[in-house]
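Structural characterization, general
Letter by letter, the chains look like this.
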Amino acid sequence: MQNRIQQLRKEQKITQEELAAAVQVTRQTIISLENGRYNASLQLAHKIASFFGLPIESIFIFEEETEQ
Amino acid sequence: MKNKMTFPSKTKFRMFVGAALFFLGLVSFILSLGMFPNIQTSGMQDFTKGFYSGLGCGLMAAGVVCFVRNLLLLKNPEKMKKAKLEEEDERNIFLYNKTAYLGGLICFFGVYIATLIAGLVNAVVFSTLLWVLCGALIILFTTYLICRKVY
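What you are looking at is a predicted structure, and each value in this text was computed from that prediction instead of being measured.

Side note on helix α3 (residues 27–34) of chain A
Counting buried residues along α3 of chain A, six of its eight residues qualify, which places the element largely inside the surrounding structure. Of the positions making up α3 of chain A, those classed as buried are T29, I30, I31, S32, L33 and E34 of chain A. As for α3 of chain A, its buried residues are in contact with β1 (2–3), α1 (5–11), α2 (16–23) and α4 (42–52) of chain A together with α4 (90–121) of chain B. Trailing α3 of chain A by a residue or two, G36 of chain A shows a phi angle of about 75 degrees, which is positive.

Structure follows, in structure tokens:
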């Protein structure tokens, strides 16, 4: 699943460490999320969305073509 | 099912586990030296004695490390916060579960192949491995039923 975490983080000039601390995960998890190697749980997705003040679906892009 | 223990409580419990490991290691080491009265160890092979003494030393070392590490965590709130984050990080939990699943599967098939080979070589080893295999299957199935009910 693709996401806009890196784009939003850079726009707001936030480091991976700061974002990780804010959503209570390790920096490695943020790296894996940004690389698309790991999919966040609903709980983590919600925390990230709350942090950026945006709805979940505007951060995490669910592509139906990929799933098919 | 959420774990209700707080992280400081878990840390204290692990200190207790470290102490228990140290004690178990000490018992194993003393057993290997044949110092327990009423327990005959003269029949033990050198290899078995060596195994018990090595196991004992290993457990004692692990117990000390476990105890000291958790004691240091209790005394340093910043380190405890970092350790808590590492332990409760969802990706790390996912990795532990994935590792346990894949590792368990590989071990299970390894024991199965070893059982097949042992059947051609040694009857005692064959029957021991077969019991281990059957025991593992029963435990796996029972665990699955329990997890299905709980989750």
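Now, onward.
Quick look at the interface of chain B and chain A
Residue-level contacts link seven residues of chain B with eleven residues of chain A. Of the roughly 740 Å² buried between chain B and chain A on both sides combined, carbon and sulfur atoms contribute 53%. Area buried by chain B at its contact with chain A is led by L85, E90 and R91 of chain B, which between them contribute 72% of it. Inspection of the chain B/chain A interface yields zero salt bridges. Those elements that provide at least two residues to the side of chain B that touches chain A are α3 (77–88) and α4 of chain B. For the side of chain B that touches chain A, the element with the most residues is α4 of chain B, which contributes four residues.

Some details on the nonpolar core
Residues and elements named next belong to chain A. Residues I48 and I59 are the most contacted members of the largest nonpolar core, which totals 17 residues. Of all the secondary-structure elements, those providing two or more residues to this core are α1, α2, α3 and α4. When residues in this core are grouped by element, the largest group, five residues, is from α4. Discounting chain neighbours no more than four positions away, the residues touching I59 are Q2, N3, R4, I5, L8, I48, A49, F52 and L54.

Calculation notes
Residues numbered from 1 in each chain as written. Chains lettered and ligands numbered in written order. Predicted model: local features only at pLDDT ≥ 70, side-chain atom pairs only at ≥ 80, totals over all residues. Heavy atoms only, no water. Buried < 20%, exposed > 50% of the residue type's maximum accessible area, 1.4 Å probe, protein only. Helix = DSSP H or I, 4+ residues; strand = E, 2+ residues; numbered from the N terminus. Contact = heavy atoms within 4.5 Å. Buried area = accessible area lost by both parts, 1.4 Å probe. Salt bridge = Lys/Arg side-chain N within 4 Å of Asp/Glu carboxyl O. Core = buried A, V, L, I, M, F, W, Y, C linked by side-chain atoms within 4.5 Å.

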